[in-house]
Every structure is written in structure tokens, then in C-alpha cells.
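# Inside the fold
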Amino acid sequence: MKPALLMLDDGTCFEGLACGAEREAAGEVVFTTGMCGYQEILTDPSSRGQILAFTAAHLGNYGTNAADDQSPAVHAEGAVFHDLFTCAGHIPFPHWRGEASLSHKLLEAGVTGIHGVDVRALTLRLREHGTRRGLISALDLDRPSLLRRAGELPLVQGRDLAAKAWDGRVYAFPDPPDLADLTDKDPGSLLKVAVLDFGLKRALLAQMRAYGMEAVVFPGNTQAKDLLAQKPDGLLLSNGPGDPEPCGYAVRAIRDLLGRLPILGVCLGHLLLGLAQGGKTYKLPFGHHGQNHPVREGLNGRVRITSQNHGFSLDPDSLSADLNPTHWNLNDNTLEGMASSGIPALSVQYHPETVPGDRDAHSPFARFRDMILDFRGDAGRKHA
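Residues numbered from 1 in each chain as written. Predicted model: local features only at pLDDT ≥ 70, side-chain atom pairs only at ≥ 80, totals over all residues. Heavy atoms only, no water.

### Description of the side chain of T334
Structurally, T334 can be placed in the loop between β17 (323-329) and β18 (335-340). On the basis of relative accessibility, which here comes to 7%, the residue T334 falls in the buried class. Side-chain polar atoms of T334 contact the side chain of D332, separated by 2.7 Å. (Helix = DSSP H or I, 4+ residues; strand = E, 2+ residues; numbered from the N terminus. Buried < 20%, exposed > 50% of the residue type's maximum accessible area, 1.4 Å probe, protein only. Polar contact = N/O pair within 3.5 Å; in protein donor to acceptor, adjacent residues only side chain to side chain.)

Here it is in C-alpha cells:
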């Protein structure tokens, strides 16, 4: 029950109690909505560089377990809670899936948190004034010192956070046993899809497999010629953290691959696909973080509840005439998806794997599979 402080770079300071590792956390403070899914968000590589403030009143109720991790590490820099459920030790945990407490998860990962914070006041501050750089500390409680150091933290803009988030290996995703009944049993019928990893989530690969696509993952800086040498049927541009503008290596590779492979871009991949086709991106005031964001599909007017975790958006006015907007965010009318009329390429800003979140937004995987089959001249195998 050690006292801790959360200091924003504008001088706003919140008091609380330390949890997780006894060290400091520094990053961009953002709020994330949703009553569950905290483990998935913390282990999402798209959370790199962020201190996540959870808006739900009670967190940690069902603990953590290894199966829900979206990557091998906790990528968030820190975490802010109002009321954090604490439980001593490991098993037995008071939930049938729980293996350890959320606080213990943070401790093992070496990540600092703070609880007992007025998260509603923090969220209002961020909504009204935008995301702020911040520090969580139980080591330095001197407020002038914390404010000075918070003001010296680097901005997210201009930093290539994706280069630190990808795995670095080339590997094929294994068949998940829990998806066996959703997957084509004949391995020879799976479509081979190359995945450029900018900080992808495990659930993204699992959903691809469920839709009959075998993922072969490559580091985000892989060149186009090396991808084409593997003769994939399609290309997926993964999610990832931070500003897309510094990822020039990815933009160049995507530009070389346009029209040569069917492409699906997700989150950061959506932004990079837009940059490769001449679009421009900009920083959102407080980003989209959570699993209850309504998105309207432009073609049929259907509204889907989506999971999101990004701080940048694509300017629709910068798109060329052959890029057609397909999805819009109903909270702020930002662009959430597009498709090309001249080449086989589509993208969404939200997370279609929906982990965490409602299974309302899987349709891009089916459209991607159908696009690959059309490109191969094999339309008879289209998804039902």
C-alpha cells in the first residue's frame, strides 16, 4: 500500500497507491474504455509507449491467464486503475480461469501501475485537453521534480515505435486447437498469406486461420522482393504502435507490392497502406482505445461495435480518387476503412479480430479471403 503519483506534463497530478513493479512508468497517458479485456490490451503491442488509464470502475476481478496474452510481453508502459482487485499469490484464484492477479501480472512483467485514482477526472482531463505525457512513480514523490521530468518526455509523433514491437523472426502460425472446428481440415486448401509484423496480436493470426488462411509472419522491415520470393497468395499488414510516418521502410515495401498481391491492412497497417498510396495521417486528440467503438459500414449502413487501439488517423481528403472510404467512426466521423477500385487492397482502422471485444467485426477476413480467390481465379471457393 505504498503511495504513488501520476503526474501529467501540464501539471495535473493524481494521487493513488502503487501496484505492479516498484519502478517508474513514463509514456503517453490515454484512456481505454471497456469493462473487461484488460490483459489483452496490456499485452497488445499497439499499446507500446502508452500509460493506459482504464475507465471501468473495477478491474482485475477475473485475474489473468496465459491463454489470453496477445504477445509474450506486457507492452503498455504503465497502468492506471480506480479500484483494483488484489489477491495474494497465485492459485487458488477466485475465478475458474484465473491463474494470477492482475497486479502480479504487472509485477512479473516489470511494469508499474497505480490504483485508487479518480479515473473519471483523469478521463475528462484527457478528453478536454488531449493526451498528455506522464509519469507514474512511487519512488519520486516530489511534484516539481515529476513535472519537470514529465515535460522532458519525448512526444509520440515522429517516433518509430513499431520497430521495437515486432517479433523479428520469420515463422508460420500453428494451428490453434480451440479453432479446429472452424478451420478447413485439409492443410493443402489453406491460402498462404504473408504477414508484415509491426506489432501484431496473436488473435489476428488465429482469426486468419479460422477463415482458411495460413499465416507466415515476417518482420515489418522485410523488403518486397523477399516476400514475393515466398510466393504468398496475399499480404496482411498488421496492427502496431505509434506514428506511421517514420515507418518509411514499410511504406516503400507496400508501394512495391501494390497490385502484385491482394492486401488487407489492419490498424497501423491501414495507415501505412494509405501512406503508400499518397495519403496523409494526423494525430488524434485523445485517440481511440477500447472495445465499444461504433463504426458504420458505408455500403450497407450497418453499424458494428469494434475494438480499437490507435492514436493516429488517415485524412480522407488526402485520398486519391481510386481509394474509396468504406467505414466511418460514429463517435467523431473519422475514417475507419477503405478499399481500392483499381487494385485488390482494403483496410480497416479497427481490430477485426475483436480480442477483446464483441465478435461483430470479423467480416474483413471473409472479404480478404474472397479477394485472394478472385485474384487467383478461384472464385468457386469463396467464403459462404
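### With respect to the packing of aromatic side chains
Pairs of aromatic rings are described using the distance from one ring centre to the other and the angle between the two planes. The tally for this structure, following the rule as stated, stands at five aromatic pairs. Their ring planes at 10° and their centres at 5.4 Å tell us that F54 and F81 sit as a pair that is stacked. Of the two residues, F54 is situated in strand β4 (residues 50-54) and F81 in the loop between β6 (78-80) and β7 (83-84); the sequence distance between them amounts to 27 residues. In this structure F54 comes out as buried when scored by relative accessible area, which is 2%. For K283, the ring lying beneath its charged end belongs to F312, and the centroid distance is 5.6 Å. (Phe/Tyr/Trp six-rings, centres within 6.5 Å; stacked < 30°, edge-to-face > 60°. Lys NZ or Arg CZ within 6 Å of the ring centre and 35° of its normal.)

### Quick word on empty space enclosed by the protein
Inspection of every chain in the model, using the stated rule, returns three cavities of 30 Å³ or more. Taken as a whole, the largest cavity encloses approximately 140 Å³ of empty space. Counting only elements with at least two residues in the lining of the largest cavity, the list comes to α8 (268-276) and β16 (303-314). The leading source of residues in the lining of the largest cavity is β16, at four residues. Taken together, the residues of the lining of the largest cavity break down into seven nonpolar, 10 polar and two charged. Considered as a void within the structure, the second largest cavity measures approximately 90 Å³ in volume. (1 Å grid on protein atoms, 1.4 Å probe; cavity = no way out; pocket = protein on both sides within 12 Å on 5 of 7 lines; lining within 4 Å. Points joined across faces, edges and corners; volume = space filled by probe spheres on them. Nonpolar A, V, L, I, M, F, W, Y, C, P; charged D, E, K, R; others polar.)

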